[in-house]
Number of protein chains: 2
Amino acid sequence: MDSPFPIALLQLALDGTPEENLAKGLFWTRKAAARGARLICLPELYRSAYFCQREDPRFFDLAEPPDGPSERAFSALARELGVVLVVPIFERRAPGLYHNSALVIDADGRRSGLYRKMHLPDDPGYYEKFYFAPGDLGMRAFATACGTIGVLICWDQWFPEAARLSVLHGAGVLLIPTAIGWHPREKAEQGERQLEAWMTVQRGHAVANGVYLAAVNRIGLERPDPAGEGIEFWGHSFVAGPQGEILCRAGKDSEEILLATVDPGHLEAVRRNWPFLRDRRIDAYGGLLARFLDAGQEGP
Amino acid sequence: MDSPFPIALLQLALDGTPEENLAKGLFWTRKAAARGARLICLPELYRSAYFCQREDPRFFDLAEPPDGPSERAFSALARELGVVLVVPIFERRAPGLYHNSALVIDADGRRSGLYRKMHLPDDPGYYEKFYFAPGDLGMRAFATACGTIGVLICWDQWFPEAARLSVLHGAGVLLIPTAIGWHPREKAEQGERQLEAWMTVQRGHAVANGVYLAAVNRIGLERPDPAGEGIEFWGHSFVAGPQGEILCRAGKDSEEILLATVDPGHLEAVRRNWPFLRDRRIDAYGGLLARFLDAGQEGP
């Protein structure tokens, strides 16, 4: 698709039951399509509260297979509305084997592909390495009725390698479902800087790659352990253009449909003027495959 | 060095003769050291106007060998003042073989190393591929009295791979001598967005790597061809902290010493909280060594 097309991010509160959240996701997808969106993306792990705040094996019950209730419902809706959807799921792949994944569903309802989160955090309140196996499908891009799109998930967004690989696979827009927020005790001192860093590193990917980038976060305080202080998910979903410019940005605590237009012609013009893909020194990047280049080491 | 130390960027107008510019560089270096700086960095190709606005073989006369007048003068000054210096040079390596380089001179006056610009632009007004051979020493880091530092030059600053490799080599601060400006005819429409993108992508490197980043630009309209409109170098030298926060920023048209403090303890605290180096998926980055991953290609 070479014509401009509208995309929508669904910034939602998602502390309901899986049934409620699925219904909510369908409802807002329908609303976004009615407003003209051709490509619609939900937040990370949309079907439940962000359970990774603590390690509890019972939460594995929330998982679903790739062809489970989320795909069945959203495939039917994609086909009905003729829209492309990015639907994150808590993927049950086998007993004891789970991923933090996202389905890419094309406008005819068929699955374009599956992305499995490659970079997993393990930080206080974000115990993802307990729940999820690292993705084994790599950074990718997916052919859809809206052109080739990339999907990354949350922690991936801090890694320039992830954005670059998606773009080398042909992505013209990166969709990044997210669940990120403030620890209430840190918010006053660190909150503004954390939010700004989160925006900046992603806008940087847009600049470095000449790509549209759309990050969608949830909102609301989720406090699964009444003795804990929980996480205040900070919203601020946004879409950046291929020079890193903010095209639109949501608030910190409102449920919103965030609409923006992706223009492949503009993307091509930007890349012609800033031809970074032309000038990459691929002969000198071997060290990127190393964990660290200890003194004198040149890398693999 | 684990204690905090002050660094200085010298934002200068550099349209004088090589002798004038060398004298100017020495004068401002002395001033910055007097204000307490322990690590001082000059702008790209400081010893002349930015001659790459047009292709003219006579400009090769401006080049000097690595142990030429710049190194002789700045080595003596570094030793006298006990400061670490980053001194960009137009390097003459052999007849017909030139590089856009930077000397790293340690506080005892000895050369810590030489960096040769790895990513070269070829854009209207920035005809660097005519003058310079691509660097063949790779992205690196240099041991100095101010710890391990990385050096990149201008166009390098748009490439996340360059910043990442410098940090994998151990850099705690990236110095980025630069010569970037507006085409006067584009400034009104594009200027603000270009400047913002330039800041954003570099601040993004600081975030993604947990590293201090200091970019130093020249100022002034340089118009070597009276029939042309020249380039208005946009100043705005800045230092970012390891969460991408702006520590200080110069104006657009003033000669300035920009002072900031690098704190290795703070850097370590930031990286402990945002452990991106821990979570890189080096098993899945092979595609970064490809120019592009055409459909179905997984990369080298």
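Keep in mind it's a predicted model, so treat the numbers as computed, not measured. (Residues numbered from 1 in each chain as written. Chains lettered and ligands numbered in written order. Predicted model: local features only at pLDDT ≥ 70, side-chain atom pairs only at ≥ 80, totals over all residues. Heavy atoms only, no water.)

**Thoughts on the overall build of chain A**
Helices and strands together make up the secondary structure of chain A, namely 7 helices and 17 strands. The C-alpha atoms of chain A give 19 Å as radius of gyration, which agrees with the globular expectation for 300 residues (19 Å, within 12%). Burial statistics for chain A: of 300 residues in total, 62% are counted as buried. The long-range fraction of contacts in chain A, counting pairs at least 24 apart against all pairs at least 6 apart in sequence, stands at 69%. Here chain A has roughly 10500 Å² of accessible surface; of this, 51% comes from carbon and sulfur atoms. Charge centroids of chain A, computed over 33 positive and 39 negative side chains, lie 3 Å from each other. (Helix = DSSP H or I, 4+ residues; strand = E, 2+ residues; numbered from the N terminus. Rg over C-alpha atoms; globule rule 2.2 N^0.38 Å. Buried < 20%, exposed > 50% of the residue type's maximum accessible area, 1.4 Å probe, protein only. Contact = heavy atoms within 4.5 Å. Areas by Shrake-Rupley, 256 points an atom, 1.4 Å probe, with all protein chains shown as cover. Lys, Arg positive; Asp, Glu negative; His and termini not counted. Charge placed at Lys NZ, Arg CZ, Asp CG, Glu CD.)

**Here we look at the confidence of the model for chain A**
Taken residue by residue, chain A gives an average pLDDT of 96. The fraction at 70 or more is 98%. Reported confidences for the modelled complex are a pTM of 0.97 and an ipTM of 0.97. (pLDDT = per-residue confidence, 0-100.)

**What to know about the interface of chain A and chain B**
Of the residues lining the interface, 57 residues belong to chain A; the matching set on chain B comes to 57 residues. Summed over both partners, the interface of chain A with chain B comes to about 5500 Å²; 60% of that surface belongs to carbon and sulfur atoms. When the buried surface of chain A facing chain B is broken down by residue, R281, L288 and R291 of chain A rank first, second and third, together holding 12% of it. For the interface between chain A and chain B, the tally reads 10 salt bridges. Where D279 of chain A meets K129 of chain B, a salt bridge forms, and the shortest distance between an N and an O atom there is 2.5 Å. Taken together, the elements giving at least two residues each to the side of chain A that touches chain B come down to β6 (122-123), α4 (160-168), α5 (184-209), α6 (264-273) and α7 (276-279) of chain A. Among the elements that take part in the side of chain A that touches chain B, α5 of chain A stands out by supplying 11 residues, more than any other. (Buried area = accessible area lost by both parts, 1.4 Å probe. Salt bridge = Lys/Arg side-chain N within 4 Å of Asp/Glu carboxyl O.)

**As for helix α2 (residues 69-81) of chain B**
All names here are of chain B. An ideal rise of 1.5 Å per residue puts 18 Å on 13 residues; α2 measures up with 18 Å between its terminal C-alpha atoms. All of the buried residues along α2 are S70, E71, F74, S75, L77 and A78. On its buried face, α2 is in contact with α1 (18-34), β3 (84-94), β4 (97-105) and β5 (111-116). Two residues or fewer after α2 comes G82, characterised by a positive phi angle close to 70 degrees. (Expected span 1.5 Å × (residues − 1).)

**With respect to the sheet that holds strand β14 (residues 231-234) of chain B**
All names here are of chain B. With antiparallel pairing, the 3 strands of this open sheet are ordered in space as β11-β14-β13. Two strands bound the open sheet, and with one partner strand each, they are β11 (181-182) and β13 (219-222). Pairing analysis gives 2 bridges linking β11 to β14, with the strands arranged antiparallel. Note that in β14 the partner of G181 across the bridge is F233. (Pairing = 2+ DSSP bridges.)

**Some remarks on unusual backbone geometry**
Despite not being glycine, C154 of chain A has its phi angle at roughly 40 degrees, a positive value. Note that C154 of chain A resides in the loop between β9 (147-151) and α4. By relative accessible area, which is 6% here, C154 of chain A ends up buried. In this structure, L45 of chain B is a non-glycine residue whose phi angle is positive, near 50 degrees. Position of L45 of chain B relative to the elements: it lies in the loop between β2 (39-41) and α2. Owing to a relative accessible area of 2%, L45 of chain B belongs among the buried residues under this scheme.

**A short note on the relation of the copies chain A and chain B**
Of the two same-sequence chains, chain A is brought onto chain B (RMSD 0.0 Å, axial shift 0.0 Å) by a rotation of 180 degrees. The two molecules are tied by a two-fold rotation axis, judged by turn and shift. Residue G204 of chain A, judged by its C-alpha, is the member of chain A lying nearest the rotation axis, at 2.5 Å. Both copies contact each other with a shared surface, as 100% of the interface residues of chain A are interface residues in chain B too. (Least-squares fit on C-alpha atoms with pLDDT ≥ 70 in both.)

**Points about the pattern of salt bridges**
Residue and element names in this part refer to chain A. The tally for this structure, following the rule as stated, stands at 48 salt bridges over all chains. With a shortest N-O distance of 3.5 Å, D253 and K252 are connected by a salt bridge. You can call D253 exposed: its relative accessible area is 54%. Through salt bridges with shared partners, a single ionic network connects E91, R93, R116 and D136.

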